[in-house]
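Analysis of the macromolecular model
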Amino acid sequence: MPNPQLLVLFGSQTGTAQDVSERLGREARRRRLGCRVQALDSYSVVNLINEPLVIFVCATTGQGDPPDNMKNFWRFIFRKNLPSTSLCQMDFAVLGLGDSSYAKFNFVAKKLHRRLLQLGANALLPACLGDDQHELGPDAAIDPWLQDLWEKVRGLHPTPLDLPVIPPGVPLPPKFTVQFLQEVPNASSEEPHVASPDPQGPPSALQPFLAPMVANQRVTGPSHFQDVRLIEFDITGSSLSFAAGDVVLIQPSNSAGHIQKFCQLLGLDPDRCFVLQPWEPGVSCPSRLPQPCSVRHLVSQYLDIASVPRRSFFELLACLSPHELEREKLLEFSSAQGQEELCEYCSRPRRSILEVLCDFPHTAGAIPPDYLLDLIPAIRPRAFSIASSLLACPSRLQILVAVVQYQTRLKEPRRGLCSSWLASLAPGQGRPVRVPLWVQPGGLAFPETLNTPVIMVGPGTGVAPFHAAIQERVAQGQTGPLCASPGNFLFFGCRRRDQDFYWEAEWRDLEKRGCLTLVTAFSQEQDQKVYVQHRLQEHGPLVWELLDRQGAYFYLAGNAKYMPADVSEALTSIFQEEGGLSGPDAATYLARLQRTLRFQTETWA
């Protein structure tokens, strides 16, 4: 390959933007273009001034927020002191990934495109706005946009005449080669890196803390449709530090049954050990994999065989297939024309990588081990709001986990990898149960002064960070049996008080002590459904008094689909009715609360 000419930088929350970026990298290599693919926050942003050609691939998360792995870049690129000619040497294009059912559809991509123009960069194309809501998914916008992009790039960097384009049916070299060992090394090298009592810093993705699980309790009623767990970890000696609003990252594992089935399909010996060698110089091996590593460790801890495969999976699998009929079908699934059929086969029923391999057994049995890391993405850590305060529980960390399970047209129920794995763990039955975890700042920051009131809206498991915040504020203001921190207002919603009213006894006790004002919405207990936004409007005078006259902070956590928009609508209605504001002024008032961080949200899909 020639020297790198193209740089692809991505901001990805769930892996889609990373997958699209890696597709760009493959297509560039097929065109004999050198290409680097990096997460935005792992790239030294000051070097952008020296880059001739950059493609930015970025998702939009929550309510128009950038993904976690581009937040540092985001802060830097929007510095007001950057000269307007900073990037005048750079050609660029922006590819956005979003969901048009949200108000701020592809907000990050649109804003980044405008900002790069302000800094003097030259746009090769208008921003591509991929949409999850399209019947063919984001590829409906991406495919034609990429065709136009490569035409533009070819004009800037023509392919040398003696280097023809590598056709799609020919596999590119793998990222790594797998070299199997004859002897089995010491198994202890495979333990996840545990943070030592005196580590080089707090636990992190590269060095998680193996936290003993000490409690795993179902907190929904036996007849409730969803299994929700209150899980508690012992973090003694971990050097973990967190505040209310922070999140814990947990690295899950595949189930023993799935590991066994995968190894059988591919003809792999789970106890065989190997070392990885990068194919190209300058490429490092995955930091999460020990060297040497067993096949069992690779499959249990790293390969996300329970995830729904993306189109790129079928493209590579077709290249590797020796079976004519199976290859034909795989090529169809990976073609632009076959996307509706692929959606029907894979995306809609949420068919997993393991299940797809079972449907293509001749191909699965012929996959070279060298291509496993190209074919199957890495298991991503899952983030959970921390539900406890270090001030109240110094050696404990709690999370509230809704176990994901649902039915599609496939016979087997669909299960969330991390939540199902956590629910399956049974502490206190002999062998210690340890979970790899670390913490990072979340999207909520609470006021330092206790006399600042806080209004918290947390339906369902969205109440978890507010449990931590209330614990923390009460502990900070504790002066005996009565509470010195009365400015805590919680709007909690669930289906029924006898089924999913999390921490009811604790809330009631805090009410009695004058530490909490609790407003509840039980949606299923009357003919007409009542949600938190209805309760907010009923308490409009109080909400307006707290926000406008007492300088309260307003927090919202929970499902991102409809609830944030409904709550925002309820607030603007309160501003009009109680504050006498016009519609536009009410919207401006809400925007000012958001801008000054007095209205903060933490939402998830």
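Here, the structure is the one placed above.
Residues numbered from 1 in each chain as written. Predicted model: local features only at pLDDT ≥ 70, side-chain atom pairs only at ≥ 80, totals over all residues. Heavy atoms only, no water.

All right, on to the overall build of the protein then. Across its full length, the protein carries 19 helices and 22 strands. Taking 605 residues into account, the globule formula puts the C-alpha radius of gyration at 25 Å, and the protein, at 26 Å, falls close to it. Taken along the three principal axes of its C-alpha coordinates, the protein extends 80 × 60 × 50 Å. In the protein, which comprises 605 residues, the proportion classed as buried is 50%. (Helix = DSSP H or I, 4+ residues; strand = E, 2+ residues; numbered from the N terminus. Rg over C-alpha atoms; globule rule 2.2 N^0.38 Å. Buried < 20%, exposed > 50% of the residue type's maximum accessible area, 1.4 Å probe, protein only.)

Mapped onto the elements, D227 comes out in the loop between β8 (209-218) and β9 (228-234). Here D227 falls in the buried class, since its relative accessible area comes to 17%. Side chain to side chain, D227 and R229 meet in a polar contact 2.8 Å long. Contacts of D227, omitting those with residues within four sequence positions, involve R218, T220, V401, A402 and V403. (Polar contact = N/O pair within 3.5 Å; in protein donor to acceptor, adjacent residues only side chain to side chain. Contact = heavy atoms within 4.5 Å.)

Under the counting rule described, the total for this entry stands at 28 salt bridges. Across the pair R348 and E344 runs a salt bridge whose closest N-O atoms are separated by 2.7 Å. Taking the relative accessible area as the measure of exposure, R348 reaches 40% and is therefore partly exposed. D509 serves as the salt-bridge partner of R513, at 3.6 Å between the closest nitrogen and oxygen. The exposure class of R513 is partly exposed, given its relative accessible area of 24%. Relative accessible area serves as the criterion here: at 38%, D509 is assigned to the partly exposed category. Counted as one network, the salt bridges with shared partners bring together R23, E27, R31, D139, D143, R311 and E315. (Salt bridge = Lys/Arg side-chain N within 4 Å of Asp/Glu carboxyl O.)

This paragraph deals with the sheet that holds strand β11 (residues 273-278). Ordered by their spatial adjacency, 3 strands build an open sheet running β7-β11-β12, and the pairing between neighbours is antiparallel. Across the chains shown, the open sheet's two edge strands, defined by having one partner strand only, are β7 (176-180) and β12 (293-294). With 5 bridges connecting them, β7 and β11 associate as antiparallel partners. Within β11, the position partnered with Q179 by the bridge is V275. (Pairing = 2+ DSSP bridges.)

So, about the sheet that holds strand β10 (residues 247-250). Strand order in the open sheet made by the 6 strands is β13-β10-β17-β8-β9-β14, with antiparallel pairing throughout. Edge positions in the sheet fall to β13 (382-385) and β14 (396-402), since each has one partner strand and no second. With direction set aside, neighbouring strand axes in the sheet form an average angle of 40 degrees. (Axes fitted to C-alpha atoms, helices over the stretch in contact; angles between N-to-C directions.)

Looking now at the environment of V295. For V295, the location among the structural elements is in helix α6 (residues 295-302). Here V295 falls in the buried class, since its relative accessible area comes to 2%. Spatially, the C-alpha atom of V295 lies 6.9 Å from that of D269, the residues being 26 residues apart in sequence.

Counting residues in hydrophobic clusters, the biggest one holds 42 residues, and the most contacted among them are F262, L357 and L372. Considering every element that reaches this core, the biggest residue donor is helix α7 (residues 311-320), with 7 residues. Judged by nonpolar contacts, the second largest core, of 30 residues, contains L230, A387, A468 and W503. (Core = buried A, V, L, I, M, F, W, Y, C linked by side-chain atoms within 4.5 Å.)

To continue, consider helix α3 (residues 107-118). The terminal C-alpha atoms of α3 lie 17 Å apart, and with 12 residues this matches the ideal 16 Å at 1.5 Å per residue to within 8%. Considered for burial, the residues of α3 that qualify are V108, A109, L112, H113, R115 and L116. What you see down the axis of α3 is that its buried residues fit within an arc of 170 degrees, all on one side. As for α3, its buried residues are in contact with β3 (53-59), α2 (71-77), β4 (91-98), β5 (122-123) and β6 (128-131). Count one or two residues on from α3 and you reach G120, which has phi positive near 95 degrees. (Expected span 1.5 Å × (residues − 1). Arc of directions from axis to C-beta.)

Right, let's talk about the packing of helix α5 (residues 256-266) against α6 for a bit. Between α5 and α6, the shortest axis-to-axis distance is 10 Å and the interhelical angle comes to 125 degrees. Here α5 lies oblique to α6, going by the angle between them. Crossing angle aside, the handedness with which α5 passes α6 is right-handed. Where α5 abuts α6, its residues I259, F262 and C263 lie against V295, V299 and S300. (Parallel < 35°, antiparallel > 145°, perpendicular 65-115°, else oblique. Left-handed = near helix turned anticlockwise from the far one by under 90°.)

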